[in-house]
Amino acid sequence: MTMATYTGVLDLAVGAFLLSAILIVWRRDLRAIVRLLAWQGAALATLPLIEGLHERELEPIAVGVVLLVLRAGVLPVLLARAVSTEDTERRESTPLVNTTASLLITAALIVLAYAVTRPIIALNPTETTRAVPAAFAVILIAVFVMVSRRRALSQAVGFLMLDNGITATAFLIASGVPLIVELGASMDVLFAVVVLGLLTGHMRRAFGGTDLDQLRELHD
Amino acid sequence: MGLALLVPILAPLAAAAFAAAVGWRRLSSYVTVLAAFAVLATGVVLAVGLAAGLDSGVVHGAGSLLRADALSVTMLLVIGTVGTLATWASVGYIDAELEHDHTDATGARLYGVLMPLFLAAMALAVLATSIGVMWVAIEATTVATAFLVGHRRTRAAVEATWKYVIICSVGIALALLGTVLLYFVSIHAGAVSGDALDIDVLLAHASELDPAVTRLAAGLLLLGYGTKAGLVPFHTWLADAHSQAPAPVSALMSGVLLSVAFSALLRVKSIIDLALGTGFLRAGLLVVGIATLLVAACLLFVQTDFKRMLAYSSMENMGIVAIAAAAGTELAIAALLLHVLAHGVAKALVFLAAGQLQAAHDSTAIRDVTGVLTRSPLIGTAFAVGLAVLIGLPPFAMFASELSISRALAQAGLGWVLGAMLLLIVVAFAALVRNGSRMLLGPPDPGSPAIAVPRSVAGALVAGVVLSLVLGVTAGPLTDLFRSAATLLGASS
């Protein structure tokens, strides 16, 4: 793979990665949100895959395949199964922040991500590091989704997006953390999503829905 | 010695596998107690080894995946001690839950599997060589404890579990981002990618780490591990989770898990301080420490629920620990470690006693509980001793640790912090004494239910009271261990 193709595909993947986060902020249909998350996982997996092809190394390719299966396949399927079949449960409830304001906040967060990541780019100004602001933007957007959405599932999606953003950062700045950490972190995320999925089920049984506004028994 | 490092991880894993195979039986529950005791025994063996000048203070095991030094050994002692008390009390606790139909065979089996897994994850967190693996282990504690917190599956328990998993996972994800950034600067400082996150490698390269990115990493790590340690601003999960979890689980989460998360912070602090100087994290720890203490003291004052009261007392103590870490002198760090150990044992006492009070009254409201000392001398005494430790009465160990922390703050020129800390401790003291005496003293209400004390809970409580006394009268044998941990963490004398 030539350098030009490599950077072209890299920029495309990072662009798709950020775009899927913005679209998740825009959409209200829970199943559409889960589909977008799967696309984001695929864009994330592209990063180690093209690096492996570019450097002719096997380990990044293996990591990329694992990521593709996990983040674009297994985790979204687990989440999609937690979306109820009832119509009222399929959509995000009236949001705390309306769509227009959400998109404006998202734009502000992207600008903030550029400001925060300046020291990282300054330390190692390469093609890949220059894409770090996009990964940081996804992290910030994920946190925003988690605090502004009212459905249990949306919070779980936000958590996965947060993790996608961190994994992308790891690939962009240092070609990924050591394999044992990468595998351990992926296992933890997988289990956390399984736990969240089971909890959504318990919640539906205990509360009759997954609106987080109902969680108000515990307070001081 | 290297093989010994595997014991605290493999023994609980084996106990978990056994419980998964046979379910909740007398035998499997005692196998778990044995596994917890094995963690404690390993801690003692390693402590003796380190005192004898073993391997210049650091022991490696399992290739180079595991590593033990004075801090790891101290934390193993805390995990092992509280773990033994909590798993021992679990025997009677779960039997009673089964008897009253609060749980079923499946629930009991799940408890039997998750409890030792929780212990294994904490042991791995303090023994990992790589701070990346340490992160994995600490996140694993969230997964292992999720269904322990929600064991009763009531509405409140499900709500507490959801908040716990979401807030802690997000918080700890920030710590992962911080770890990734440390990896990046470590590689840049010339470390080899395979071991760039190893504690010793990071310490060796600390002075060459890029300050701007390291500062970003340090902030994220403080926020991330601070979440798990119950520090402001992401402390909101703590009271909910600790008040809903079964009593032995609360004892472990409050007495050990918070400290394990904080020890992770101490670990990275030793690296960050070398890279950035002590000022950066000191400022951060002081701000979150005092804020945590403030929130805890205020909420203790208005508390009407005794399990939440105990949870806020944990926050109060973590605030004190954070302030001690900020002071950072040898005296402060050694006192901090004594504080953590004493807190662990005391929290086991009060939570286990509170569990029996909750079971008897079917309520956790302070006003529903009266005259405990006359109704059940054992539960009353255990609760009273635990509270006495927590409010820092002599002869118990927290009196000594808080005194040392105060002295260290004065010596470090942090007089205003000392003043604020003492003021807030007095507020918390007053609240705990008022609520505690309302529950313990006085004549019982007519018609108060009998307080049952299963034999295993009684055993754990008696052991806890004895330990608290011993620790208070003589912490002598441990002083050297705490001192060397402090030196190792780069404390100034």
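Chain B has the name Hydrogenase in an unreviewed UniProt entry, where Pengzhenrongella sicca is given as its organism.

Looking at an unreviewed UniProt entry, chain A carries the name Hydrogenase-4 component E, with the source organism given as Pengzhenrongella sicca. Check the Subcellular location (unreviewed entry) section of the UniProt entry for chain A; it says "Cell membrane".

Visitor: An account of the overall build of chain A is needed here, citing residue identities and associated values.
Guide: When its secondary structure is counted, chain A shows eight helices and zero strands. Along its sequence from the N terminus, chain A presents helices and strands in the succession α-α-α-α-α-α-α-α. Taken against the 2.2 N^0.38 rule, which gives 17 Å for 220 residues, the C-alpha radius of gyration of chain A at 18 Å falls within 12% of a compact globule. Principal-axis analysis of the C-alpha atoms gives chain A an extent of 55 × 35 × 35 Å. Here chain A holds 220 residues, and the buried ones make up 56% of them.

Visitor: Talk me through the overall build of chain B; I want residue IDs and the actual numbers.
Guide: Across its full length, chain B holds 19 helices and two strands. Rg of the C-alpha trace for chain B: 21 Å, near the compact-globule value of 23 Å for 493 residues, within the 12% margin. When its C-alpha atoms are laid out on the principal axes, chain B stretches across 70 × 55 × 45 Å. Residues classed as buried in chain B amount to 65% of the 493 residues present. By sequence separation, contacts in chain B at least 24 residues apart represent 81% of the contacts at least 6 residues apart. Between the mean site of the 23 positive side-chain charges and the mean site of the 24 negative ones, chain B shows a separation of 6 Å.

Visitor: So, unusual backbone geometry: which residues are in play, and what are the values?
Guide: In this structure, the amide linkage connecting Val232(B) to the following residue, Pro233(B), adopts the cis form with an omega of 5°. Looking at the secondary structure, you find Pro233(B) in the loop between helix H8 (211-228) and helix H9 (236-244). The peptide bond linking Pro394(B) to Pro395(B) adopts the cis configuration, its omega dihedral lying at 5°. Notably, Arg56(A) is not glycine yet its phi reads approximately 55°, a positive angle. Position of Arg56(A) relative to the elements: it lies in the loop between helix H2 (30-55) and helix H3 (58-82). For Arg56(A), a relative accessible area of 72% corresponds to the exposed category. One non-glycine residue, Ala62(B), lies in the positive phi region at around 50°.

Visitor: Tell me about the pattern of salt bridges, residues and numbers included.
Guide: Residues and elements named next belong to chain B. Tallied over the full model, the rule gives 14 salt bridges over all chains. A salt bridge links Lys163 to Asp240; its shortest N-O distance comes to 3.4 Å. Within this pair, whereas Lys163 is found in helix H6 (residues 155-188), its partner Asp240 is found in helix H9, the two being separated by 77 residues in sequence. The partner of Asp240 in a salt bridge is Arg308, with the nearest N and O atoms 3.0 Å apart.

Visitor: Please give an account of the nonpolar core that cites residues and values.
Guide: Residues and elements named next belong to chain B. Residues Tyr225, Phe262, Leu336 and Phe383 are the most contacted members of the largest nonpolar core, which totals 274 residues. Per-element tally for this core: the top contributor is H6, with 22 residues. Leave out the neighbours within four places in its chain, and Phe262 touches Ala229, Leu231, Leu285, Met318, Val321, Ala322, Ala325 and Leu336.

Visitor: Provide a residue-level description of the environment of Glu316(B), including the pertinent values.
Guide: In this fold, Glu316(B) is placed in helix H12 (residues 306-327). Look past the residues within four positions of Glu316(B) in its chain and what remains in contact with it is Leu293(B), Ala296(B), Leu300(B), Ile425(B), Ala428(B) and Leu432(B).

Visitor: Residue-level account of the UniProt feature "transmembrane region" (unreviewed entry) in chain A, with values.
Guide: All names here are of chain A. The sites that UniProt annotates as "transmembrane region" (unreviewed entry) are residues 6-26, 33-50, 62-84, 96-116, 128-147, 159-177 and 183-201. Secondary structure content for residues 96-116 is 86% helix and 0% strand, and the end C-alpha separation is 27 Å. Its end C-alpha atoms 20 Å apart, residues 159-177 is made of 84% helix and 0% strand.

Visitor: Explain a nonpolar patch on the surface to me, and be specific about the residues and the numbers.
Guide: A cluster of nonpolar residues, Val65(A), Val69(A) and Val74(A), forms a patch on the protein surface that exposes about 220 Å² of accessible area. Considering the arrangement of structural elements, one finds Val65(A) in helix H3.

Visitor: Go over the UniProt feature "domain: NADH:quinone oxidoreductase/Mrp antiporter transmembrane" (unreviewed entry) in chain B, please, and point to the residues and values.
Guide: In this structure's numbering, the residues bearing the UniProt feature "domain: NADH:quinone oxidoreductase/Mrp antiporter transmembrane" (unreviewed entry) are residues 129-423 of chain B. Within the segment residues 129-423 of chain B, helix and strand shares are 80% and 0% respectively, and the terminal C-alpha atoms sit 39 Å apart.

Visitor: Report on the interface of chain B and chain A, specifying residues and quantitative values.
Guide: Listed as interface residues are 46 residues of chain B and, on the opposing side, 43 residues of chain A. Between chain B and chain A the total buried area reaches about 4200 Å² when both faces are included, carbon and sulfur atoms providing 79% of it. Across the contact surface, chain B and chain A share zero salt bridges. Joining chain B to chain A, the criterion identifies three residue pairs in polar contact (both at pLDDT 80 or more). Considering every element that reaches the side of chain B that touches chain A, the biggest residue donor is H6(B), with 21 residues. Of the residues belonging to the side of chain B that touches chain A, the class tally is 29 nonpolar, nine polar and eight charged.

Visitor: Which residues make up the layout of surface pockets, and what are the values?
Guide: Estimated volume of the largest pocket: approximately 780 Å³. The wall of the largest pocket is formed by 28 residues, among which Asp188(A), Phe191(A), Leu117(B), Ala121(B) and Ala140(B) lie closest to the centre. Elements with a contribution of two residues or more to the lining of the largest pocket: helix H8 (179-207) of chain A together with helix H1 (7-22), helix H4 (105-127) and helix H5 (131-149) of chain B. Here the residues of the lining of the largest pocket sort into 26 nonpolar, one polar and one charged. Counted as a void, the second largest pocket has a volume near 620 Å³. Lining the second largest pocket are 28 residues, with Val44(B), Leu77(B), Leu341(B), Pro477(B) and Leu478(B) positioned closest to its centre. Elements supplying a minimum of two residues to the lining of the second largest pocket: helix H2 (26-51), helix H3 (70-99), helix H13 (330-361), helix H18 (455-473) and helix H19 (476-488) of chain B.

Visitor: Could you give me a rundown of empty space enclosed by the protein, with the residues and numbers involved?
Guide: Throughout the structure, instances matching the rule amount to seven cavities of 30 Å³ or more. Roughly 80 Å³ of internal volume is contained in the largest cavity. Lining the largest cavity we find Arg71(A), Asp163(A), Ile166(A), Thr167(A), Ala170(A), Val177(A), Val181(A), Glu182(A), Ala185(A), Ser186(A), Leu176(B) and Val180(B). Of all the secondary structure elements, the ones that give two or more residues to the lining of the largest cavity are helix H7 (152-174) and H8 of chain A together with H6 of chain B. Partitioned by chemical class, the residues of the lining of the largest cavity number seven nonpolar, two polar and three charged.

What counts as what
Residues numbered from 1 in each chain as written. Chains lettered and ligands numbered in written order. Predicted model: local features only at pLDDT ≥ 70, side-chain atom pairs only at ≥ 80, totals over all residues. Heavy atoms only, no water. UniProt positions renumbered as here; feature names shortened; annotations may be inferred. Helix = DSSP H or I, 4+ residues; strand = E, 2+ residues; numbered from the N terminus. Rg over C-alpha atoms; globule rule 2.2 N^0.38 Å. Buried < 20%, exposed > 50% of the residue type's maximum accessible area, 1.4 Å probe, protein only. Contact = heavy atoms within 4.5 Å. Lys, Arg positive; Asp, Glu negative; His and termini not counted. Charge placed at Lys NZ, Arg CZ, Asp CG, Glu CD. Salt bridge = Lys/Arg side-chain N within 4 Å of Asp/Glu carboxyl O. Core = buried A, V, L, I, M, F, W, Y, C linked by side-chain atoms within 4.5 Å. Patch = residues over 30% accessible without salt bridge, like charges linked within 9 Å, V, L, I, M, F, W, Y side chains within 5 Å. Areas by Shrake-Rupley, 256 points an atom, 1.4 Å probe, with all protein chains shown as cover. Buried area = accessible area lost by both parts, 1.4 Å probe. Polar contact = N/O pair within 3.5 Å; in protein donor to acceptor, adjacent residues only side chain to side chain. Nonpolar A, V, L, I, M, F, W, Y, C, P; charged D, E, K, R; others polar. 1 Å grid on protein atoms, 1.4 Å probe; cavity = no way out; pocket = protein on both sides within 12 Å on 5 of 7 lines; lining within 4 Å. Points joined across faces, edges and corners; volume = space filled by probe spheres on them.

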